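Here are the chains, one letter per residue:
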Amino acid sequence: MKNGNGHNQIYFSEVKFKVLKYIKNFIKQYGYSPTCKEIAKAHGYSRSRAGAICTDLYKMGLINKGDSSHRKIRMTQTQIDSVSNLKFNREYQAHG
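Numbering of residues starts from 1 in each chain and follows the order in which that chain's sequence is written. Residue-level local features of this predicted model are given only where pLDDT is at least 70; pairs of side-chain atoms are given and counted only at 80 or more, and the full residue set underlies all totals for whole chains, interfaces and linings. In computing side-chain properties, one takes all heavy atoms of the structure into account and sets aside hydrogens as well as water.

1. Observations concerning the packing of helix α1 (residues 14-30) against helix α2 (residues 36-43)
Packed helix pairs are specified by the crossing angle of their axes together with the interaxial distance, meaning the distance between the axes. Each axis is a line fitted through C-alpha atoms, taken for helices only over the stretch in contact, and angles between the N-to-C directions span 0 to 180 degrees. Secondary structure is summarised from DSSP: a helix means a run of H or I of at least four residues, a strand means a run of E of at least two, and numbering begins at the N terminus for each. For the pair α1 and α2, the least separation of the axes is 11 Å and the interaxial angle reads 120°. Here α1 lies oblique to α2, going by the angle between them. Taken as a pair, α1 and α2 cross one another with a handedness that is right-handed. Residues K18, V19, Y22, I23 and F26 of α1 lie in contact with α2, whose contacting residues are E38, I39, A42 and H43. Classes in brief: Ala, Val, Leu, Ile, Met, Phe, Trp, Tyr, Cys and Pro nonpolar; Asp, Glu, Lys and Arg charged; the others, Gly included, polar. Looking at the contact of α1 with α2 residue by residue, the class counts come to six nonpolar, one polar and two charged. Between 65 and 115 degrees an angle is taken as roughly perpendicular, under 35 as roughly parallel, over 145 as roughly antiparallel, and anywhere else as oblique. In this scheme the crossing of two helices becomes right-handed for a clockwise turn of the near helix relative to the far one and left-handed for an anticlockwise turn of less than a right angle. When checking whether two residues touch, look at their non-hydrogen atoms; a contact exists if any pair is within 4.5 Å.

2. What about the state of the cysteines?
Only a pair of cysteine sulfur atoms within 2.5 Å qualifies as a disulfide here. For the structure shown, the criterion picks out zero disulfides. Distance from the sulfur of C36, which forms no disulfide, to the nearest cysteine sulfur (C54) is 4.4 Å. On the basis of relative accessibility, which here comes to 22%, the residue C36 falls in the partly exposed class. Relative accessibility thresholds used throughout: buried, under 20% of the residue-type maximum; exposed, over 50%; partly exposed, between the two (1.4 Å probe, protein chains only).

3. Side note on the pattern of salt bridges
By definition here, a salt bridge exists when the distance from a side-chain nitrogen of Lys or Arg to a carboxyl oxygen of Asp or Glu is within 4 Å. Within this structure, the stated rule accounts for three salt bridges. Measuring nitrogen to oxygen at the nearest pair gives 3.8 Å for the salt bridge that ties K18 to E14. Taken together, the residues K18 and E14, both in helix α1 and four residues apart, mark about one turn of the helix. Under the relative-accessibility criterion, E14 is labelled partly exposed at 38%. Notably, a salt bridge pairs K16 with D56, separated by 3.0 Å at the nearest N-O pair.

4. Focus: the packing of aromatic side chains
To pair, rings of Phe, Tyr and Trp, with the six-membered ring standing in for Trp, must have centres within 6.5 Å; the planes then decide the type, stacked if under 30 degrees apart, edge-to-face if over 60, and tilted in the middle. Evaluation of the coordinates by the stated rule reveals five aromatic pairs. Residues F12 and F17 carry aromatic rings whose centres are separated by 6.0 Å and whose planes lie at 90° to one another, so their mutual orientation is edge-to-face. Like F12, the residue F17 is buried in the burial classification. Among the aromatic residues, ring-to-ring pairing joins Y22, F26, Y30 and Y32 into one connected group. A cation sits over an aromatic face here: R49 above Y45, 5.7 Å from the ring centre. Note on criteria: charge over ring means Lys NZ or Arg CZ within 6 Å of the ring centre, with the direction from the centre no more than 35 degrees off the ring normal. When the ring centre of Y58 is taken as origin, the NZ or CZ atom of K65, which lies over that ring, is 4.6 Å away.

5. Concerning the environment of K72
Secondary-structure assignment places K72 in the loop between β2 (64-65) and β3 (73-74). Residue class for K72 comes out partly exposed when judged on its relative accessible area of 38%. Leave out the neighbours within four places in its chain, and K72 touches S33, N64, K65 and G66.

Right, dumping it as C-alpha cells:
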C-alpha cells in the first residue's frame, strides 16, 4: 500500500504481530514452520486470510519463504530475535 508520500508502507497491526509471534513460537517448539492452515485454525481465520497476513509479513522482511510448497515460512535467527522489539500499530517499509 502506498502512503501519501508515495512510499510502499504496510500497517503492522496487532493481528499481524500475534501471527508473527505464533510463527516464532511454533518454529521454536517444533523445529519447523506452521502451515497457513495451522495459522488460520489457531487464530480463527480463513486459510486465505492467514496467507494474506503471511504475505504482508514477508513483504515487511519479518519472515522468509522457503522452497517447500507445504511449510514454506522461514525465519532467520535475526528475525526471531527481532520479534520482541517490534511495535504494532505502526507502518513499516515494504520490501519486494
